[in-house]
Amino acid sequence: YTDFIVTALIDQLDGYHGHEGVIVMAATHHPEKLDKAITRAGRFDRILRLPHPDHALLPQVLRWHLGPDLADADLTGVAQAALGMSGADIAAAVRAARGRARQARRALALTDLSDAIHEARTPLPKALRRIVAVHEAGHAIVSAAMGRADVAMLAIQSDGGVTATSLHRTGEDRAAIEAHLASSMAGRAAERLLLGKVSAGAGGDPGSDLATATRLATALEASWGLGSTGTVDLIGPQN
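All of these numbers come straight from a predicted model, not from anything done at the bench.

Looking at the environment of His 29
Along the polypeptide, His 29 turns up in the loop between helix 1 (2–14) and helix 2 (36–39). With relative accessibility at 78%, the residue His 29 sits in the exposed group. Note: C-alpha distance between His 29 and Leu 50 (21 residues apart in sequence) is 10.0 Å.

What about the environment of Phe 44?
Within the fold, Phe 44 resides in the loop between helix 2 and helix 3 (58–66). When its relative accessible area of 18% is taken as the criterion, Phe 44 is described as buried. When the C-alpha atoms of Phe 44 and Val 24 are compared, they prove to be 7.7 Å apart, with 20 residues separating the residues in sequence. Here Phe 44 is in contact with Leu 9, Leu 13, Val 24, Met 25, Ala 26, Ile 38 and Thr 39, once residues within four sequence places are set aside.

Description of the nonpolar core
Judged by nonpolar contacts, the single largest core of 23 residues is most densely connected at Leu 62, Leu 66, Ile 90, Leu 113 and Ile 117. At the level of elements, helix 3, helix 4 (76–81), helix 5 (87–103), helix 6 (110–119) and strand 1 (149–157) are the ones that each hand at least two residues to this core. With 5 residues, helix 5 is the largest single contributor of residues to this core. Setting aside chain neighbours within four positions, we find Ile 90 in contact with Leu 58, Val 61, Leu 62, His 65 and Met 85.

Looking at the confidence of the model for the protein chain
Looking at the protein chain, pLDDT values average 83 and 91% of them are 70 or higher. The element-level mean pLDDT for the protein chain is lowest in strand 2 (residues 160–167), coming to 75, with helix 5 highest at 94. pLDDT under 50 marks residues 231–236. Its contacts with residues more than four places away, or in other chains, come to 0 contacts.

Parameters and conventions
Residues numbered from 1 in each chain as written. Predicted model: local features only at pLDDT ≥ 70, side-chain atom pairs only at ≥ 80, totals over all residues. Heavy atoms only, no water. Helix = DSSP H or I, 4+ residues; strand = E, 2+ residues; numbered from the N terminus. Buried < 20%, exposed > 50% of the residue type's maximum accessible area, 1.4 Å probe, protein only. Contact = heavy atoms within 4.5 Å. Core = buried A, V, L, I, M, F, W, Y, C linked by side-chain atoms within 4.5 Å. pLDDT = per-residue confidence, 0-100.

Rendered as C-alpha cells:
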C-alpha cells in the first residue's frame, strides 16, 4: 500500500520540473519514517526540524500569544516554568489564563498565566524532585568545569529535568568527545556521589544520557578511529 502511495507522490513531484516558482511543502511528526526516495535531492530535499521553543525563545512565544495583554510584564519566570511545552501548549495555557481573569471579572494578571502553566504540568513528588535536581546539577557543573558549555538555566519539569546550555565548538578530537561523554554521564555520576545510588533517569529513550554516551563511545572506537586500541598506521614506509 505505502509503495503505491510513495510512487504516486514521486510521480507528482517530478511533474513540477520546469515550473519556476513552485515550492512543495509538507509536515510530519515522524521524519525518520519517510522513504528515502522522497527526501533525496530534487524532491523534499530540505528538511527543517522545529523543536519545542527553548529558554531563549519562550518569552517571545508567550508575548506573541498574549498580544496586548501583560504588555509591561517580565515573562522570564513564566517562560522558565513553561520550558518543554510546545507552542500549542502555551496557547492553551494563555487561553486558560484569560478564562480565569474573565471568571473573576478583571484584567489578565501574570499570576493567572503562571497558575495556568503550573496546572497544566503535574508536579514531581518531592523525593523525585531532589533526584532530578542533583542529576541536572551534575550535568551543569561538569559541562562548565570542562569548558564545554555555558549553562543558561536549570529547570525541573513535570516529566523530569533539563539543563539549558550554550555549547562551545572546540573541535572534534578525542579530548572534545571525551568531554562530551563526561557531560553526558555527569548526571548519573552526581546521583551516585550525593545520593549513594543511581536512578533510571539517565536511560530510557534514544535521546537519553546513556544512549547518547553509548553512541559517542562506540563511534569514538569504531567509526572515527580515535580510540586508544586497534589503530592502524596507514602511512607507508618513507624512501
